[in-house]
Amino acid sequence: MTNWLSLNAWLGKRMFLVVVTALIGGIFFPLSDSSLLRQTTVLLFAYMTFVTALSASLRDFLQVLRHPWQPLWILALVHLASPFTAWIVGHVFYPDEPLIRIGYLIGASIPVGVTSIIWTALVQGDLAVSLVAVTLDTFLVPLVLPAFFHFAIGETIEISYLKMVEDLLLMVTIPSLLGMLCNDLSKGRTASFAKSVGGVTSKLSLSAVIFINSAVVMPLLSWNASTLKALIITLGVVSASFFVGWLGSLALKDRRESTVLTMIYNVGIRNNACGVVLALSYFPPAAAIPITMSILYQQPVATLVPYVYRFFKRLGNATKNGN
């Protein structure tokens, strides 16, 4: 058990290398999208969520659910502030390319990504808030997205509510509730598994998900000057989503590091796979380009968030002490 604890801690400190290695692996070993790969991804997500929830309490989850103002604030930032940012970027950099603008809008308005729960756990954030935010978004998105596209793009989109809810229930809600229930019934003893064998295997599962996404996405990109331009701008848009989460944290009374990082991850990480499906289902392929590129950036940027946050926190403290 000690070896597993050490390996889990070692991987936790080197998540950037884990993520980048999986990303590069997908570049060199492309895969064709298939129902088997999608089902595998759902199962991996379910396992990661279950292991993560083994360290959480169902009581804490229900307490947040009774007073959900922070998760609702997260969702307001996700579905209002981030799309507004993407709308500005699209009109500034792509005034004559409406499909690219639509792609950025879709990418900024899609649901909170399930991996936000994983990253929240990795940085020891407020897991209950993260779980509630993702769970609430499960039911909110099928109502919000069609209305958003109707008003912002002029398209009325019918989203398969049952399919989306089914996938998110399998990836998030059911494994989360089971994990928290196991934690409470065992009086917290399952947390040791989550920090050892479960921690290692869930990090490897995350690596596998990133590899699959990268391997499926890379064949869709054709490399030219416009692609390079889109890569640079997309990096800015992805980073801006995390920054919006930090800005949103300024409204909180409790601004502990764990709380701020929870806000940053839950606003910044999106379900890009859902975005790609929406873009390809209702618009020409060009609309999927920004979302496809977001898949390449999102996890590497996520690994840098704690380092960037702590750097500026130290810088701010040094400036105050200097004065």
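The shown structure was predicted, so the numbers you read here are calculated from the model rather than taken from an experiment. (Residues numbered from 1 in each chain as written. Predicted model: local features only at pLDDT ≥ 70, side-chain atom pairs only at ≥ 80, totals over all residues. Heavy atoms only, no water.)

### Digging into the overall build of the protein chain
And step 1. Counting its regular elements, the protein chain contains 15 helices and zero strands.
And step 2. Taken over the C-alpha trace, the protein chain has a radius of gyration of 19 Å; the compact-globule value for 323 residues is 20 Å, and the two agree within 12%.
And step 3. Once local pairs closer than 6 in sequence are excluded, the contacts in the protein chain between residues at least 24 apart make up 84%.
And step 4. Accessible surface, the protein chain: about 15500 Å² in total, of which carbon and sulfur atoms supply 68%. (Helix = DSSP H or I, 4+ residues; strand = E, 2+ residues; numbered from the N terminus. Rg over C-alpha atoms; globule rule 2.2 N^0.38 Å. Contact = heavy atoms within 4.5 Å. Areas by Shrake-Rupley, 256 points an atom, 1.4 Å probe, with all protein chains shown as cover.)

### Points about a nonpolar patch on the surface
And step 1. Taken together, the side chains of F16, L17, L304, Y307, V308, F311, F312 and L315 present a nonpolar region at the surface, about 790 Å² in accessible area.
And step 2. Elements with a minimum of two residues in the nonpolar patch: α2 (15-28) and α15 (289-322).
And step 3. At six residues, α15 tops the list of elements feeding residues into the nonpolar patch. (Patch = residues over 30% accessible without salt bridge, like charges linked within 9 Å, V, L, I, M, F, W, Y side chains within 5 Å. Salt bridge = Lys/Arg side-chain N within 4 Å of Asp/Glu carboxyl O.)

### Here's the deal with the side chain of Q70
And step 1. Residue placement: Q70 occurs in helix α5 (residues 69-93).
And step 2. Not counting chain neighbours up to four residues away, the residues in contact with Q70 comprise V129, L252, T259 and M263.

### Description of the pattern of salt bridges
And step 1. Taken as a whole and judged by the stated rule, the model has three salt bridges.
And step 2. Residue D254 pairs with R256 through a salt bridge whose shortest N-O separation is 2.8 Å.
And step 3. In the salt-bridge network here, residues are joined through shared partners; they are E257, R310 and K313.

### Thoughts on the side chain of T262
And step 1. Here T262 lies in helix α13 (residues 257-268).
And step 2. Residue classification places T262 among the buried residues on the basis of a relative accessible area of 0%.
And step 3. Only 2.7 Å separates the side chain of T262 from the backbone oxygen of S258, close enough to count as a polar contact.
And step 4. Not counting the four nearest positions on each side in its chain, T262 is found in contact with T120, G125, D126, V129 and S130. (Buried < 20%, exposed > 50% of the residue type's maximum accessible area, 1.4 Å probe, protein only. Polar contact = N/O pair within 3.5 Å; in protein donor to acceptor, adjacent residues only side chain to side chain.)

### So, the packing of aromatic side chains
And step 1. Enumeration according to the criterion identifies six aromatic pairs in this entry.
And step 2. Plain terms: the ring middles of F242 and Y265 are 6.4 Å apart, the flat faces sit at 90° to each other, and that makes the pair edge-to-face. Pair noted here: F242 is in helix α12 (residues 225-249) and Y265 is in helix α13, with a separation of 23 residues, a long-range link. Per residue, the accessibility class of F242 equals that of Y265, and both read buried.
And step 3. Among the aromatic residues, ring-to-ring pairing joins W119, F242 and Y265 into one connected group. (Phe/Tyr/Trp six-rings, centres within 6.5 Å; stacked < 30°, edge-to-face > 60°.)

### Looking at the confidence of the model for the protein chain
And step 1. With 91% of its residues at a pLDDT of 70 or more, the protein chain has an overall mean of 83.
And step 2. At the level of individual helices and strands, the protein chain shows its lowest average pLDDT in helix α14 (residues 272-282), which scores 71, and its highest in α13, which scores 93. (pLDDT = per-residue confidence, 0-100.)

### Structural notes on unusual backbone geometry
And step 1. Although it is not a glycine, Q124 adopts a positive phi angle of roughly 60°.
And step 2. Tracing the backbone shows Q124 in the loop between α7 (115-122) and α8 (127-152).
And step 3. Classification of Q124 by relative accessible area gives exposed; the value is 67%.
And step 4. Residues other than glycine seldom take positive phi values, yet K187 does so here, at roughly 55°.
And step 5. Topologically, K187 is positioned in the loop between α9 (161-185) and α10 (190-194).

### What to know about the packing of α5 against α13
And step 1. Between α5 and α13, the least distance of the axes is 9 Å, while the angle of their chain directions is 40°. Between α5 and α13, the angle falls in the class oblique. Crossing of α5 over α13 shows right-handed handedness. Contacts between α5 and α13 involve Q70, W73, I74, L77, V78 and S82 from the first element and T259, M263, N266 and V267 from the second. (Axes fitted to C-alpha atoms, helices over the stretch in contact; angles between N-to-C directions. Parallel < 35°, antiparallel > 145°, perpendicular 65-115°, else oblique. Left-handed = near helix turned anticlockwise from the far one by under 90°.)

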